[in-house]
Amino acid sequence: MRILIATAGSRGDVAPYTGLGVALRRAGHEVALAATETFEPMAAEVGLEFRPLPADHRAHGSARGKRELLRAAAAFVTELGEGFAGAVDRGTDLLLLSATTAPLGWHVAEATGIPNIGVYLQPTTPTGDFPPTVTGTRSLGRLGNRAAGRFALGMADRVFEPAVARLRARLELPPLTAARMRRRREEAGWPVLHGFSEALVPRPSDWAAGLAVTGPWWPYVGGDRRLPAELEDFLAAGPPPVLVGFGSMAAGQGERLSGIAVRALRRAGLRGVLQAGSAGLAAEGEDVLTVGDLPHALLFPRLAAVVHHAGAGTTAAALRAGVPSVTVPVTADQPFWAGRLAAVGAAPAPIPFRSLTAEGLGDVLARVVREPSYAEAAATVARHMAAEDGSGAVVAAVGRLAG
């Protein structure tokens, strides 16, 4: 089959689909990746055809409050919708749609008749088991959680509404609201495969039959990939360090966060690796090294702990490596994943981003690294993850569809 995987967002929203794409290609399919232009080198590195989507998440990445976040999301989605149809050609046999592209992809599928499946990195369907990922971690009870889940989907519909209206006009489809299209999909039992571990989020007991949890999809790392020599030397020069990084979050706050990180590490008596990320973390010294983007799969198993923003991908990577976390969630679904890490015992309670101090972070780091229970809990989840084959489950589902 000719398969197009469409996703959009930050690095963590795109990288897992490289591993999924390679698995599908090895199964004999032709695979293209549609994402925003920033990620063309990522697709080229793993040999996937690339189709650019016309938006840039970095232009909207500094939003903090919920209202500002909604406005930024609406602006990003509007840009995304402008050229989404252009990324899908008539020769495509199957669309695999992420949570960020499905509300647009459904309309393209209606116009073209192309079969499609959801491939989500987060649970978005309402459930009584837990509150929606975008509202935090406090349970409202089963009825309250489901109601909050429906409300969250309604808010997402509002974000997509202008882009959907323009896209349907371009596709010469009759008017249809984003909310009505979503309900149509739900009523039809649209299948969604979720790329996270059941050890972290067990499949909700009240989900419909077509909603599956496969296990994580991992970013592809070539067999010849190595860590930089400078980092290898640093790792060999002392005990395992702690990585501090905020991924695509906290743009423009590098100086403040770097100072907090270095003081916290020294307070805890630990060596550190700062991952620059969008924040621009940087520091120098015998006990600290600054690095750029590196494969988590190569670095994380050699660490004592990871301080991170609790994005879905970083959360899964730390658990896969059997390494404890200290989470500092910033926005969106990050408090949810931070809460799940704490629930399985692989991290202490999250530190709110606005409350981050060198003293607080240093004290928590000292506890996490020196109390074995956190690493033991992470290792338990790692063993469960090792038995999951998320990409294999998607390949099998596509195979059934192909007949």
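These numbers were taken from a predicted model, which means no experiment stands behind them.

Trainee: I keep staring at helix α5 (residues 102-112) and nothing clicks. Help me out?
Mentor: Side chains that are three or four residues apart share a direction in an α-helix, a result of its 3.6 residues per turn. In terms of residue burial, α5 counts as a mostly covered element, since 8 of its 11 residues are buried. Here α5 has its buried residues at A102, P103, L104, G105, W106, H107, V108 and A109. One or two steps after α5, the chain reaches G113, where phi turns positive at roughly 75°.

Trainee: Any chance you could explain the sheet that holds strand β3 (residues 49-53) here in plain terms?
Mentor: Strand pairing within a sheet occurs via backbone hydrogen bonds; the two strands may be parallel or antiparallel. Pairing is parallel in the open sheet, where 7 strands are placed in the order β3-β2-β1-β4-β5-β6-β7. At either end of the open sheet lies a strand with only one pairing partner, and these are β3 and β7 (211-213). Strand-to-strand, the axes of this sheet are offset by a mean angle of 20°, without reference to chain direction. As paired strands, strand β6 (residues 192-194) and β7 are joined by 3 bridges and run parallel to one another. Among the inter-strand pairings, H194 is bridged to a residue of β7, identified as V213.

Trainee: Can you help me understand the pairing of strand β1 (residues 2-6) in this one?
Mentor: The two faces of a sheet get side chains in turn, since along a regular strand they alternate between them. Within β1, 4 of the 5 residues are buried, which leaves the element mostly enclosed by the surrounding structure. Two elements, β1 and strand β2 (residues 30-36), share 5 bridges in a ladder whose sense is parallel. Of the residues in β2, the one forming a bridge with I5 is L33. Sheet topology note: the β1/strand β4 (residues 94-97) ladder contains 4 bridges and is parallel. By the bridge assignment for β4, L4 is matched with L95.

What counts as what
Residues numbered from 1 in each chain as written. Predicted model: local features only at pLDDT ≥ 70, side-chain atom pairs only at ≥ 80, totals over all residues. Heavy atoms only, no water. Buried < 20%, exposed > 50% of the residue type's maximum accessible area, 1.4 Å probe, protein only. Helix = DSSP H or I, 4+ residues; strand = E, 2+ residues; numbered from the N terminus. Pairing = 2+ DSSP bridges. Axes fitted to C-alpha atoms, helices over the stretch in contact; angles between N-to-C directions.

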